[in-house]
Amino acid sequence: VLDIDVYGETWAWAEEMAPVVSMDGKTTHDFLKRISHETGLALFFESDAAREAADAGELFGTIDTDPRSELEIRMAGEDLGYRIDGGTIYVSIDLSSRQ
């Protein structure tokens, strides 16, 4: 049995080949699942509130850059924070964006 990572530097070429995808009318959760799929990273919500916020957020536009760059760009406009640790994207409520 081979133990091969499905994410990371070895797979950078695959991320660069990700197709352009319309996100019109999709949720932030749909977007995060797409990024998870394209990067090989697992997706984990750190709370029910984070999952609910991702389910409620509606997106527009297309994913037209590499998945990690798109993640950084799109999440900057959300009330959600994220971090990548090992092979997982951890999503949480971004308390710094709240007044």
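The following paragraphs examine the structure supplied in this document. (Residues numbered from 1 in each chain as written. Predicted model: local features only at pLDDT ≥ 70, side-chain atom pairs only at ≥ 80, totals over all residues. Heavy atoms only, no water.)

Helix and strand counts for the chain come out as four helices and five strands. Across the 99 residues of the chain, 29% fall into the buried class. The contacts in the chain between residues at least 6 apart in sequence include a share of 63% that link residues at least 24 apart. Carbon and sulfur atoms make up 50% of the accessible area of the chain, which totals about 6300 Å². (Helix = DSSP H or I, 4+ residues; strand = E, 2+ residues; numbered from the N terminus. Buried < 20%, exposed > 50% of the residue type's maximum accessible area, 1.4 Å probe, protein only. Contact = heavy atoms within 4.5 Å. Areas by Shrake-Rupley, 256 points an atom, 1.4 Å probe, with all protein chains shown as cover.)

With that out of the way, let us pick up the packing of aromatic side chains. Taken as a whole and judged by the stated rule, the model has one aromatic pair. Where Phe44 meets Tyr90, the ring centres are 5.7 Å apart and the plane angle is 70°; that geometry is what we call edge-to-face. Separated by 46 residues along the polypeptide, Phe44 in strand E2 (residues 42–45) and Tyr90 in strand E5 (residues 88–93) bring together distant segments of the chain. For Phe44, a relative accessible area of 43% puts it in the partly exposed group. Here the basic side chain of Arg74 rests over the ring of Phe31, its NZ or CZ set 5.7 Å away from the ring centre. (Phe/Tyr/Trp six-rings, centres within 6.5 Å; stacked < 30°, edge-to-face > 60°. Lys NZ or Arg CZ within 6 Å of the ring centre and 35° of its normal.)

Here we come to the side chain of Thr88. Note that Thr88 resides in strand E5. Sequence-distant contacts of Thr88, that is, excluding residues within four places in its chain, are made with Leu41, Ala42, Phe44 and Arg83.

Taken together, the four bridges between E2 and E5 define a ladder with parallel strand orientation. Note that in E5 the partner of Phe45 across the bridge is Val91. Taken together, the six bridges between strand E4 (residues 80–85) and E5 define a ladder with antiparallel strand orientation. Bridge pairing in E5 places Arg83 opposite Tyr90. In this structure, the hairpin formed by E4 and E5 is closed by a connection of two residues, where Gly86 is found at a positive phi of approximately 60°. (Pairing = 2+ DSSP bridges.)

Turning our eyes to something else, we now look at the pattern of salt bridges. This model, assessed by the stated rule, comprises five salt bridges. Measuring nitrogen to oxygen at the nearest pair gives 3.8 Å for the salt bridge that ties Lys33 to Asp30. Taken together, the residues Lys33 and Asp30, both in helix H2 (residues 28–39) and three residues apart, mark about one turn of the helix. Here Glu38 and Arg34 are joined by a salt bridge, their closest N and O atoms 3.0 Å apart. Of this pair, Glu38 and Arg34 are both found in helix H2, four residues apart, which corresponds to roughly one turn of the helix. Using a relative accessible area of 17% as the deciding quantity, one classes Glu38 as buried. In the salt-bridge network here, residues are joined through shared partners; they are Glu46, Arg83 and Asp85. (Salt bridge = Lys/Arg side-chain N within 4 Å of Asp/Glu carboxyl O.)

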